Amino acid sequence: MATENTAWALEDFVDSLVVELDKTRETLAVKAINKPLSYTVKEVALDLNIFPTYDGDQVTFVTAQPGQEGASKVSIQLGSITDQQVRATSKTPGAKDDINLDEIDLDKGTKKKLRKLGVNSVDDLKQIEQKNIDIKKVSDNSIDYTQLANQIRKTKRDQSPPKVRAVSLSRGEDDRPYLVIEGENLAVDPKFPPVAVINQTLAEVMSSSDKRVKIQLTRDHDFSHQNELVLTFDPFAVVKVNVKA
Amino acid sequence: MIDEAFMPFREIVERMLAFENEFVDEEAGVHTYVYECEIESPVELDVARDEEGTLHIGSTPPLYYERTSFLPSFHRLRFTAEINRGDDGD
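A look at the sheet that holds strand 9 (residues 212-216) of chain A
All names here are of chain A.
Alright, step 1. Here we have four strands laid out as an open sheet, ordered 4-5-9-8, and antiparallel in their pairing. The open sheet terminates on both sides in strands that have one partner only, identified here as strand 4 (163-171) and strand 8 (205-208). For this sheet, the mean angle separating the axes of adjacent strands, direction not counted, is 15°.
Alright, step 2. Alignment of strand 4 against strand 5 (residues 177-184), held across eight bridges, turns out to be antiparallel. By the bridge assignment for strand 5, Leu169 is matched with Leu179.

Below is the structure:
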């Protein structure tokens, strides 16, 4: 007989059931090539005897085993659905750069509250913002929007961190020296002008873009053979480079 | 993994549909076939999770018909199948 049954979430069970039924349809479609009078499964219903449990976070089910009485009944019905219906009832798949809630470093409680509001990704959150809904109000002030926005920005930044490819020394038309930092994803957020510190002295950032940053050098920087350059591109991207002259 | 007495859920559906559905009487010149069937059956289930966390649904028709002190839990499977008529509407 079967061993101890595993607890499952309804979503997982239905997913597995759909996979099984898809395979059935594939097998029957192949069979239909040589045997024209083959069947297609139209509708499937399963009445399950289960024991539900709630761990304070999620409801899971265990299918009743031999000898177990008093189980609850769950009926799952899967019908045929047209492509049009799928489009009408499904969410548009997330964009390439969409971030799932699981990827964001948020506490469990906030994630749970967001999921209850139907927010599973950053795109979902944007949709709510676009409709002028105050997430703080709808969550009874339990979701700190500023903290949430910062965590999202941090996660996004972590996915495209700054990469310094080269540092060179040049002179401007006024013969004053400056450093050129080249790379990728450098100053990507126009709201945050980069801050540069050379040998522990603040330096003026002459220009900045995602690929290039120019920093003015003065005598105060004590630029010598070994130098330390710390560049803060935004609150989530700080780079420290040792520059040899 | 799924208990060896059970088979993947898809197989139970496939096997239930693997019957001769065409009846030909050459003498009378009558050709009959089952164009739709609805099957309802008690089934036993074994739901197991593999190492990757994927859920597998094992199923079997009732294994024992004698009443014993331990009765298996019979779940109920119902499905409708119709003849695959193909694109030409045959």
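With respect to the pairing of strand 3 (residues 30-33) of chain B
Regular strands have side chains that alternate between both faces of the sheet.
Residue and element names in this part refer to chain B.
Alright, step 1. Bridge count between strand 2 (residues 22-25) and strand 3: four bridges; the pairing is antiparallel. Bridge pairing links Glu22 to Tyr33 in strand 3.
Alright, step 2. Following strand 2, the chain reverses through four residues before pairing antiparallel with strand 3; Gly29 in that reversal takes a positive phi of roughly 70°.

What about the sheet that holds strand 6 (residues 195-198) of chain A?
All names here are of chain A.
Alright, step 1. Across the sheet, which stays open at both edges, the four strands sit in the order 7-6-10-11 with antiparallel pairing between neighbours. Here the strands that pair on one side only, and so sit at the sheet edges, are strand 7 (201-203) and strand 11 (237-244). Geometrically, the sheet is characterised by an average inter-axis angle of 25° between neighbouring strands, direction not taken into account.
Alright, step 2. One ladder, built from three bridges, connects strand 6 with strand 7; its direction is antiparallel. Paired with Ala196 across the two strands is Ala203, which belongs to strand 7.

With respect to the packing of helix 1 (residues 10-34) of chain A against helix 1 (residues 9-16) of chain B
Alright, step 1. Relative orientation of the contacting elements helix 1 of chain A and helix 1 of chain B amounts to 40°, with a least axis distance of 8 Å. Relative to helix 1 of chain B, the element helix 1 of chain A is oriented oblique. Considering how the two elements wind past one another, helix 1 of chain A and helix 1 of chain B form a crossing that is right-handed. Along its contact with helix 1 of chain A, which presents Leu17(A), Glu20(A), Leu21(A), Lys23(A), Thr24(A) and Thr27(A), the element helix 1 of chain B presents Phe9(B), Arg10(B), Val13(B) and Glu14(B).
Alright, step 2. Across the contact of helix 1 of chain A with helix 1 of chain B, the residue classes tally to four nonpolar, two polar and four charged.

Quick word on unusual backbone geometry
Glycine aside, the phi torsion of most residues is negative, and most peptide linkages are trans.
All names here are of chain A.
Alright, step 1. Although it is not a glycine, Asn185 sits at a positive phi angle of roughly 50°.
Alright, step 2. Counting through the fold element by element, Asn185 comes out in the loop between strand 5 and strand 6.
Alright, step 3. Owing to 15 C-beta atoms within 10 Å, Asn185 belongs among the partly exposed residues under this scheme.
Alright, step 4. Its identity as a non-glycine residue notwithstanding, Asn199 has a phi of 45°, on the positive side.
Alright, step 5. Of note, Asn199 is situated in the loop between strand 6 and strand 7.

Parameters and conventions
Residues numbered from 1 in each chain as written. Chains lettered and ligands numbered in written order. Predicted model: local features only at pLDDT ≥ 70, side-chain atom pairs only at ≥ 80, totals over all residues. Pairing = 2+ DSSP bridges. Helix = DSSP H or I, 4+ residues; strand = E, 2+ residues; numbered from the N terminus. Axes fitted to C-alpha atoms, helices over the stretch in contact; angles between N-to-C directions. Parallel < 35°, antiparallel > 145°, perpendicular 65-115°, else oblique. Left-handed = near helix turned anticlockwise from the far one by under 90°. Contact = placed C-beta atoms within 7 Å. Nonpolar A, V, L, I, M, F, W, Y, C, P; charged D, E, K, R; others polar. Buried ≥ 20, exposed ≤ 12 C-beta atoms within 10 Å, placed from the backbone.

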